[in-house]
Amino acid sequence: QVQLVESGGGLVQAGGSLRLSCAASGSAVSINAMGWYRQGPGKVRELVATISSGGTTIYADFVKGRFTISRDNAKSTVYLQMNSLNPEDTAVYYCFGVRFGITYWGQGTQVTVSS
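Residues numbered from 1 in each chain as written. Predicted model: local features only at pLDDT ≥ 70, side-chain atom pairs only at ≥ 80, totals over all residues. Heavy atoms only, no water.

**Student:** Could you give me a rundown of the overall build of the chain, with the residues and numbers involved?
**Tutor:** Scanning the chain for helices and strands turns up zero helices and 11 strands. Here the C-alpha radius of gyration of the chain, 13 Å, is about what a compact globule of 115 residues would show, namely 13 Å. Seen through its principal axes, the chain has C-alpha atoms that stretch 40 × 25 × 20 Å. Across the 115 residues in the chain, those meeting the buried criterion constitute 43%. For the chain, contacts bridging at least 24 residues in sequence account for 53% of all contacts bridging at least 6. Entry remark: accessible area of the chain is about 5800 Å², with carbon and sulfur atoms responsible for 51%. Computing the positive centroid from 9 side-chain charges and the negative centroid from 6, the chain places the two 6 Å apart. (Helix = DSSP H or I, 4+ residues; strand = E, 2+ residues; numbered from the N terminus. Rg over C-alpha atoms; globule rule 2.2 N^0.38 Å. Buried < 20%, exposed > 50% of the residue type's maximum accessible area, 1.4 Å probe, protein only. Contact = heavy atoms within 4.5 Å. Areas by Shrake-Rupley, 256 points an atom, 1.4 Å probe, with all protein chains shown as cover. Lys, Arg positive; Asp, Glu negative; His and termini not counted. Charge placed at Lys NZ, Arg CZ, Asp CG, Glu CD.)

Structure follows, in structure tokens:
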């Protein structure tokens, strides 16, 4: 089993920044891909960014140039640096990790961007 715990969400004004963190525990060894999804009010859950254990990254078009995903394998932690936030970024952000083909999810952290 893998447990994922997010932190760093909150309320920020448009144009501001937040940094999300997600720490994996339990059987965190051998986690391959990690990343973030988000789900806005009345919207479906959508992929934000992923990063492999080797550091290969994939971003959704709507965050390219604004968000940066990174990870510290020694700490089994993935980060999401979010800059130039706008109200459309308001959502619950969910961390995920994939280990041996099984996807594990965090509980989600709320990000609210005020205009």
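And the narrative resumes.
**Student:** Can you tell me about the sheet that holds strand E8 (residues 77-82), naming the residues and giving the values?
**Tutor:** Spatial strand order, E1-E3-E8-E7: four strands in an open sheet with antiparallel pairing. The open sheet terminates on both sides in strands that have one partner only, identified here as strand E1 (2-7) and strand E7 (67-72). In this sheet, adjacent strand axes meet at a mean angle of 15° when their direction is disregarded. Alignment of strand E3 (residues 18-26) against E8, held across six bridges, turns out to be antiparallel. Counted as the bridge partner of Cys22 is Val78 from E8. (Pairing = 2+ DSSP bridges. Axes fitted to C-alpha atoms, helices over the stretch in contact; angles between N-to-C directions.)

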